[in-house]
Amino acid sequence: MNKLLDNINKGIAELHPYEPGRSIDEVVAEYKPDKVVKLASNENPLGPSPKAAKILSQANNLHLYPDGDSKKLKALIARHELLTEKNIIVGNGSNEVLELAARAFLNKDTSAVMSKHAFAVYKIVTQSCGSKIIEVPAKNWKHALDDFPEFIDESTRICFVANPNNPTGTYNSHEEFESMMSKISSSVLVILDLAYFEYVDAEDYVNANALMSKYSNLLITKTFSKIQGLASLRIGYGLAHPDLIAVLNKIRQPFNSNSLAQHAACEAILDEDHIKKSVELNSYQRDFLYQQLTDMGMECIPSQGNFISFKGNFDAKDLFTSLMKQGVIVRPIALYDMPEYIRVTVGTKDENEYFLEKLKEVLS
Ligand SMILES: *Cc1c(COP(=O)(O)O)cnc(C)c1O
């Protein structure tokens with residue numbers, strides 16, 4: 001076995017597998033709490049659009065391969081994004097789009113630039129291509145886009161930007177992003193991950209349409225996993241210049257997104273009401289949680305997403321376990337080099353109150 005494992009591609013041996021949040025089933029089996037509230041993975045507490053849920057209950061033709069080209073969904077995305085179908089690639093989650101880009105550009109002689117405390121998948125896809133990771137120190141937990149151009153060298157092929165970033169919840173303005181773009185060679189691909197853009201209320205936030213029409217070295221990724229409430233179906237997409245989309249389409253699996261996910265996403269993308277409701281709930285409850293945690297003496301990082309990372313007078317690992325025993329699943333984020341912090345997803349009013357009640361209990 002050792003002889004075999006000696007031959008794996010450079011970078012993979014040092015890689016740590018992504019650690020997902022604990023599932024409700026696991027916590028029920030292990031601790032048998034009366035009730036479980038999962039606020040660990042930034043899912044929409046309202047679930048998907050009822051229209052998307054309905055179409056899944058009518059699932060048929062499961063013996064047929066899905067539309068390998070996601071034609072209907074791409075047409076709807078094109079309308080939604082004011083782009084053409086040639087600008088779109090559908091992925092098995094937006095993570096797949098990140099991975100395809102990495103496979104297209106990264107190898108052992110190259111590097112990728114990303115912020116410290118950025119989304120974990122950037123490291124995984126970079127290292128699994130044997131490519132070097134160049135980390136840019138964050139400022140006040142925020143991506144220091146000003147500094148990105150200095151860190152880019154001749155070996156750099158991809159630059160990852162999460163906006164807002166998970167797990168910090170920080171965001172970068174349109175001006176900050178454009179200023180960075182203007183200093184980067186057009187031979188470097190910039191990936192702008194907008195997994196949480198719907199939740200942002202900052203007025204100076206990036207305008208994705210304006211960026212798309214201006215830069216051919218830009219790949220924007222979006223997902224149906226977060227506000228769209230379809231995380232379990234694994235579907236997301238990338239937006240870019242048609243030439244780049246054509247490259248990514250060449251290397252993806254022929255049937256990378258399944259038909260249930262495509263059907264549900266087609267319904268979800270049209271249900272503007274559901275998105276509006278979800279945004280309103282999140283804005284209100286995010287402020288509520290932030291205030292309550294601050295009043296308890298916690299130090300919260302201001303967030304533009306549907307989650308808040310905070311620290312306080314506690315050991316994050318112990319607090320995570322104590323809360324789990326009480327049926328509340330949150331996320332310790334030591335993996336992001338933030339060992340003192342806990343990330344909590346903004347839930348419904350009831351879920352947030354339950355979390356706060358249990359938090360007070362275990363800290364008393
Ligand atoms: C959750 C998340 C995603 C979504 O990944 P999917 O593969 O689409 O589920 C992408 N980027 C960030 C920063 C995230 O937090």
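Cut-offs and rules
Residues numbered from 1 in each chain as written. Predicted model: local features only at pLDDT ≥ 70, side-chain atom pairs only at ≥ 80, totals over all residues. Heavy atoms only, no water. Buried < 20%, exposed > 50% of the residue type's maximum accessible area, 1.4 Å probe, protein only. Helix = DSSP H or I, 4+ residues; strand = E, 2+ residues; numbered from the N terminus. Arc of directions from axis to C-beta. Contact = heavy atoms within 4.5 Å. Polar contact = N/O pair within 3.5 Å; in protein donor to acceptor, adjacent residues only side chain to side chain. Phe/Tyr/Trp six-rings, centres within 6.5 Å; stacked < 30°, edge-to-face > 60°. Lys NZ or Arg CZ within 6 Å of the ring centre and 35° of its normal. Near = heavy atom within 4 Å. Areas by Shrake-Rupley, 256 points an atom, 1.4 Å probe, with all protein chains shown as cover. 1 Å grid on protein atoms, 1.4 Å probe; cavity = no way out; pocket = protein on both sides within 12 Å on 5 of 7 lines; lining within 4 Å. Sits in = over half its atoms within 2 Å of the grid points. Nonpolar A, V, L, I, M, F, W, Y, C, P; charged D, E, K, R; others polar.

Caption draft 1: Fine view of helix 13 (residues 316-325). Those residues of helix 13 that sit buried are Ala 316, Leu 319, Phe 320, Leu 323 and Met 324. Mapping the buried residues of helix 13 onto a view down its axis gives an arc of 135°, with all of them on the same face. On its buried face, helix 13 sits against helix 2 (24-31), strand 11 (328-329), strand 12 (331-332), strand 13 (342-345) and helix 14 (349-363). For helix 13, the N-terminal cap is Asp 315; the gap from its side-chain oxygen to the backbone nitrogen of Lys 317 is 3.1 Å.

Caption draft 2: Examining the packing of aromatic side chains more closely. For the structure on display, the rule yields nine aromatic pairs. A centroid spacing of 5.6 Å and a plane angle of 80° characterise the contact between Phe 119 and Tyr 122, whose relative ring orientation is edge-to-face. Ring geometry for Tyr 196 against Phe 307: centres 5.0 Å apart, planes inclined by 70°, an arrangement best described as edge-to-face. Highlighted residues: Tyr 196 in the loop between strand 6 (189-193) and helix 9 (208-214) and Phe 307 in strand 10 (residues 307-311), separated in sequence by 111 residues. You can call Tyr 196 buried: its relative accessible area is 3%. Residue Phe 307 is classed as buried on the basis of its relative accessible area, which comes to 0%. An aromatic cluster of three or more residues is present, and its members are Phe 119, Tyr 122 and Phe 160. Lying across the ring of Tyr 354, Lys 35 places its NZ or CZ 4.0 Å from the centre.

Caption draft 3: Region of interest: the site of the ligand. Around the ligand, a shell composed of Gly 93, Ser 94, Asn 95, Phe 119, Asn 166, Asp 193, Ala 195, Tyr 196, Thr 223, Ser 225, Lys 226 and Arg 234 is seen. Contact between the ligand and Asp 193: a nitrogen atom at 2.6 Å from a side-chain N or O atom of the residue. A distance of 2.5 Å separates an oxygen atom of the ligand from a polar side-chain atom of Thr 223. For the ligand, the protein covers 94% of the area, taking 390 Å² as the surface of the free molecule. The cavity where the ligand resides is the largest pocket. In terms of residue class, the shell around the ligand is built from three nonpolar, six polar and three charged.

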